[in-house]
Amino acid sequence: MHKYTVTILLLTLFSLFGAATLADASFDWQQYRTLKITFESEEKVFEWEYENPSSFEYEEENTIWRGETARKSFENILAHFDLNEPVITDETAAKFERMYFGPPERIVIHSVDGEDNARTWHWRKS
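Figured I'd write up the structure that's included with this text. All values reported here derive from a predicted model rather than from experimental measurement. (Residues numbered from 1 in each chain as written. Predicted model: local features only at pLDDT ≥ 70, side-chain atom pairs only at ≥ 80, totals over all residues. Heavy atoms only, no water.)

1. Overview of the nonpolar core
Then, number 1: W48 and F81 are the most contacted members of the largest nonpolar core, which totals 23 residues.
Then, number 2: For this core, the secondary-structure elements that each account for two or more residues are strand 1 (32–41), strand 2 (45–51), strand 3 (55–60), helix 2 (68–78), helix 3 (90–99), strand 5 (104–113) and strand 6 (118–124).
Then, number 3: The residues touching W48, leaving out its near neighbours within four places in the chain, are L35, K36, I37, F39, E57, Y58, S73, F74, I77 and F101. (Core = buried A, V, L, I, M, F, W, Y, C linked by side-chain atoms within 4.5 Å. Buried < 20%, exposed > 50% of the residue type's maximum accessible area, 1.4 Å probe, protein only. Helix = DSSP H or I, 4+ residues; strand = E, 2+ residues; numbered from the N terminus. Contact = heavy atoms within 4.5 Å.)

Below you can see the structure in the form of structure tokens.
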């Protein structure tokens, strides 16, 4: 019986490790050389920046966070955008009014991929 318990425990650990690896791989940071998100509300400006391979920065007005705190904030904000879409929709912008930073006035995402192709998404309040 003990042998089966150890086997089940090991399978569970491998499953958890595999799930964490898949979750981390959901966004391929390596496809971009740089990625910057700017969010402007009526009162504040927020910026998230990523530079390949592992530089993260989060800025709120005059306060800047770097490292792990900035990476987590960057991953959190990026989870709300589909960068395969050609535009930022009004529905996407509305999420931020309810969830984060108040009503957005302007959202800009700028990326440069590994082949130096630049792309920019803009959204401005109507």
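2. Let's talk about the packing of aromatic side chains
Then, number 1: Taken as a whole and judged by the stated rule, the model has seven aromatic pairs.
Then, number 2: Plain terms: the ring middles of F46 and W48 are 6.3 Å apart, the flat faces sit at 20 degrees to each other, and that makes the pair stacked. Take F46 and W48: they sit in the same class, and that class is buried.
Then, number 3: For the pair Y50 and F74, a centre-to-centre distance of 6.3 Å together with 35 degrees between the ring planes defines the contact as tilted. (Phe/Tyr/Trp six-rings, centres within 6.5 Å; stacked < 30°, edge-to-face > 60°.)

3. Some words on the side chain of E57
Then, number 1: Assignment of secondary structure puts E57 in strand 3.
Then, number 2: Side chain to side chain, E57 and R66 meet in a polar contact 3.2 Å long.
Then, number 3: Sequence-distant contacts of E57, that is, excluding residues within four places in its chain, are made with E47, W48, E49, I64, W65, R66 and A70. (Polar contact = N/O pair within 3.5 Å; in protein donor to acceptor, adjacent residues only side chain to side chain.)

4. Observations concerning unusual backbone geometry
In terms of backbone geometry, most residues other than glycine have negative phi values and most peptide bonds are trans.
Then, number 1: Residue N52 is joined to P53 through a cis peptide bond whose omega torsion reads 10 degrees.
Then, number 2: Unusually for a residue other than glycine, D116 sits at a positive phi of about 65 degrees.
Then, number 3: Mapped onto the secondary structure, D116 falls in the loop between strand 5 and strand 6.

5. Focus on the pairing of strand 2
Then, number 1: Taken together, the seven bridges between strand 1 and strand 2 define a ladder with antiparallel strand orientation. Across the sheet, the residue bridging to T38 is E47, located in strand 2.
Then, number 2: Adjacent in sequence and paired antiparallel, strand 1 and strand 2 are bridged by three residues.
Then, number 3: Sheet topology places strand 2 next to strand 3; six bridges connect them, and they run antiparallel. By the bridge assignment, F46 is partnered in strand 3 with E60.
Then, number 4: From the end of strand 2 to the start of strand 3, which pair antiparallel, there are three residues. (Pairing = 2+ DSSP bridges.)

6. Some remarks on the pattern of salt bridges
Any two side chains of opposite charge can pair, given that their charged atoms come close.
Then, number 1: Evaluation of the coordinates by the stated rule reveals eight salt bridges.
Then, number 2: The partner of E60 in a salt bridge is K44, and the shortest N-O contact between them spans 2.8 Å. Placement of the pair is E60 in strand 3 and K44 in the loop between strand 1 and strand 2, with a sequence separation of 16 residues.
Then, number 3: With relative accessibility at 22%, the residue E60 sits in the partly exposed group.
Then, number 4: Across the salt bridge formed by E75 and R71, the nearest N and O atoms sit 2.7 Å from each other. Note that E75 and R71 are positioned in helix 2 at a spacing of four residues, about one turn of the helix.
Then, number 5: Here E75 falls in the partly exposed class, since its relative accessible area comes to 31%.
Then, number 6: Here the salt bridges share partners, and the residues they tie into one network are E68, R71 and E75. (Salt bridge = Lys/Arg side-chain N within 4 Å of Asp/Glu carboxyl O.)

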